[in-house]
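The chain contents come next:
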Amino acid sequence: MNYQDVKYTQLSNKTEVCSRCCTPRKLFTYFFILIVTLIGLLVTCYSHSGICNKYDNRKVHIRLTKRRLPHCIIIGARKAGTRALLTYLKVHPDIQTAQYEVHFFDNQENYDFGYGWYQKQMPYSFPDQLTIEKSPAYFTESSVPGRVYSMNSTIKILLIVRDPVQRTISDQLQLNFKGLDMGLEVKPFEELVLNPKTGNIDMNFKPVQRSYYDVYMKNWLKYFPLNQIHIVDGDQLIADPYPEVYKVESFLGVRHAIPQSDFVYNATKGFYCVKTDTAYQKCLSGSKGRSHPHIQKEVIEKLKDVFWKHNENFFELVNQRFFWNNKTMASKIGK
């Protein structure tokens, strides 16, 4: 065989090998695998920087992540700012939050499903991230503290409270809007909160009962020490959220990753929004931040008198005072 024959044979062999290995279909497969791998790396990078929540909504399971029982629970109080706090914490890169109120500990049917079911309601998270769940009904249900303790006696607890008069009004306002949506007749707040026979505050009125913070706090302190429960000032969270969120970060033991400049007041909505990693302002839904109707000053004063002793007891329990028992502030609410 001469040189030309050898050269031709080698060339033919290379062409045959290439034809077997480099078909358009295989090239497309290799290219597709490469693109998918790059996308996976990008998703992992961005998710670990605080954007993982949006992928969790689509139930995308990123490598190294899994669903975990919560490290912290926001237990309430109802209509005190729990959704606002969760919205702010949601943008923190070291925190993952449940997408809805699970009501595991206060709903017997859910509780009977067990911890495995509860864990499946949590978002996917990395090992170094905290998982937080919020259900405001937990604070006032007597069985909940013991159930939480049985699951995790060292869990961290966040409680948000605000002026009980304002909280009571907000509570009923929400119920009124739900009633209107259902086509029901809605009575004025004064008619609902006052006993028609005596003219005094109806002590059995649910929104009033939910504002007895001391009663429910005593139940939680039977199971958890005070240093395991952080009290958030809901009124300050509305007026200036940054200091309150900063204190929550310290309590949770995470880095201070939400700067004051990320809190932007939205004049249209009437409350603060927070910037995300994409510079998008994350705000509460349109159902939040509704203005309160005018309430008769006499009713405000009666509510203040009802809550006075409960407030003092609560201040003593948590070693922290709020402005609620200030008569000057109370009179301003009714204006």
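Residues numbered from 1 in each chain as written. Predicted model: local features only at pLDDT ≥ 70, side-chain atom pairs only at ≥ 80, totals over all residues. Heavy atoms only, no water.

S.K.: Requested: an account of the packing of aromatic side chains, with residues and values cited.
M.R.: Counted according to the given criterion, the structure contains 26 aromatic pairs. Within the aromatic cluster, the residues linked to one another by ring pairs are Phe-104, Phe-105, Tyr-111, Phe-113, Tyr-115, Trp-117, Tyr-118 and Tyr-138. If you follow Arg-67 out to its NZ or CZ, it ends over the ring of Tyr-124, 4.3 Å from the centre. The side chain of Arg-147 reaches across the aromatic face of Tyr-111, ending 4.1 Å from its centre. (Phe/Tyr/Trp six-rings, centres within 6.5 Å; stacked < 30°, edge-to-face > 60°. Lys NZ or Arg CZ within 6 Å of the ring centre and 35° of its normal.)

S.K.: Any details on the confidence of the model for the chain? Residues and values, ideally.
M.R.: Overall, the prediction assigns the chain a mean pLDDT of 83, with 73% of residues at 70 or greater. A low-confidence stretch, residues 14–19 (pLDDT under 50), is modelled with one contact involving residues beyond four sequence positions or located in other chains. (pLDDT = per-residue confidence, 0-100. Contact = heavy atoms within 4.5 Å.)

S.K.: Which residues make up the packing of helix α10 (residues 213–221) against helix α13 (residues 297–318), and what values do they have?
M.R.: Look at α10 against α13: their axes get within 8 Å of each other, and the N-to-C directions meet at 30 degrees. Between α10 and α13, the angle falls in the class roughly parallel. Contacts between α10 and α13 involve Tyr-213, Asp-214, Val-215, Met-217, Lys-218 and Leu-221 from the former and His-310, Asn-313, Phe-314, Leu-317 and Val-318 from the latter. Of the residues belonging to the contact of α10 with α13, the class tally is seven nonpolar, two polar and two charged. (Axes fitted to C-alpha atoms, helices over the stretch in contact; angles between N-to-C directions. Helix = DSSP H or I, 4+ residues; strand = E, 2+ residues; numbered from the N terminus. Parallel < 35°, antiparallel > 145°, perpendicular 65-115°, else oblique. Nonpolar A, V, L, I, M, F, W, Y, C, P; charged D, E, K, R; others polar.)

S.K.: Can you explain the pattern of salt bridges? Please cite residues and give values.
M.R.: Counted by the stated rule, this structure contains eight salt bridges. Here Asp-171 makes a salt bridge to Arg-78, at a shortest N to O gap of 2.7 Å. Within this pair, whereas Asp-171 is found in helix α7 (residues 164–181), its partner Arg-78 is found in the loop between β2 (72–76) and α3 (82–90), the two being separated by 93 residues in sequence. With its nearest N and O atoms 3.6 Å apart, the salt bridge here joins Asp-163 to Lys-304. Of the two residues, Asp-163 sits in the loop between β6 (156–161) and α7 while Lys-304 sits in helix α13, which places them 141 residues apart along the sequence. Taken together, the salt bridges that share partners define one network made up of Arg-78, Arg-167, Asp-171 and Arg-210. (Salt bridge = Lys/Arg side-chain N within 4 Å of Asp/Glu carboxyl O.)

S.K.: Could you give me a rundown of the side chain of Gln-129, with the residues and numbers involved?
M.R.: Checked against the element boundaries, Gln-129 lands in the loop between β4 (124–125) and β5 (130–134). Among the polar contacts made by the side chain of Gln-129, one reaches the main-chain carbonyl oxygen of Pro-93 at a distance of 2.9 Å. Within the local environment of Gln-129, its side chain forms a polar contact with the backbone nitrogen of Phe-126, the two atoms lying 2.9 Å apart. (Polar contact = N/O pair within 3.5 Å; in protein donor to acceptor, adjacent residues only side chain to side chain.)

S.K.: Hey, could you go over the sheet that holds β2 for me, with residue numbers and the actual values?
M.R.: Sheet architecture is open: five strands sit in the order β3-β5-β2-β6-β7, paired in parallel fashion. Single-partner strands in this sheet number two, and they are β3 (95–97) and β7 (229–233). Across the sheet, the axes of successive neighbouring strands diverge by a mean angle of 25 degrees, strand direction being ignored. Sheet analysis places β3 next to β5, joined by three bridges and oriented parallel. What sits directly across from Thr-97, in β5, is Ile-132. The strands touched by α10 within the sheet are β2, β6 and β7, with β7 carrying the most contacts at an inclination of about 160 degrees. Taken strand by strand, helix α12 (residues 241–252) contacts β2, β3, β5, β6 and β7, and its axis lies near 175 degrees from that of β7. (Pairing = 2+ DSSP bridges.)

S.K.: So what's going on with the pairing of β2? Residues and values would help.
M.R.: Of all five residues making up β2, five are buried, and the element is well covered by its neighbours. Here β2 runs beside β5; their pairing, made up of three bridges, is parallel. Looking across to β5, one finds that Ile-74 is bridged to Lys-134. The sheet contact formed by β2 and β6 spans four bridges and is parallel. Residue pairing in the sheet places Ile-74 in a bridge with Leu-158 of β6. (Buried < 20%, exposed > 50% of the residue type's maximum accessible area, 1.4 Å probe, protein only.)

S.K.: Describe the nonpolar core, with residues and values.
M.R.: In terms of nonpolar packing, the biggest core is built from 70 residues, with Trp-220 and Phe-314 touching the most fellow members. Not counting residues up to four positions away in its chain, the partners in contact with Trp-220 are Ile-75, Tyr-138, Phe-139, Val-144, Pro-145, Val-148, Ile-157 and Ile-229. (Core = buried A, V, L, I, M, F, W, Y, C linked by side-chain atoms within 4.5 Å.)

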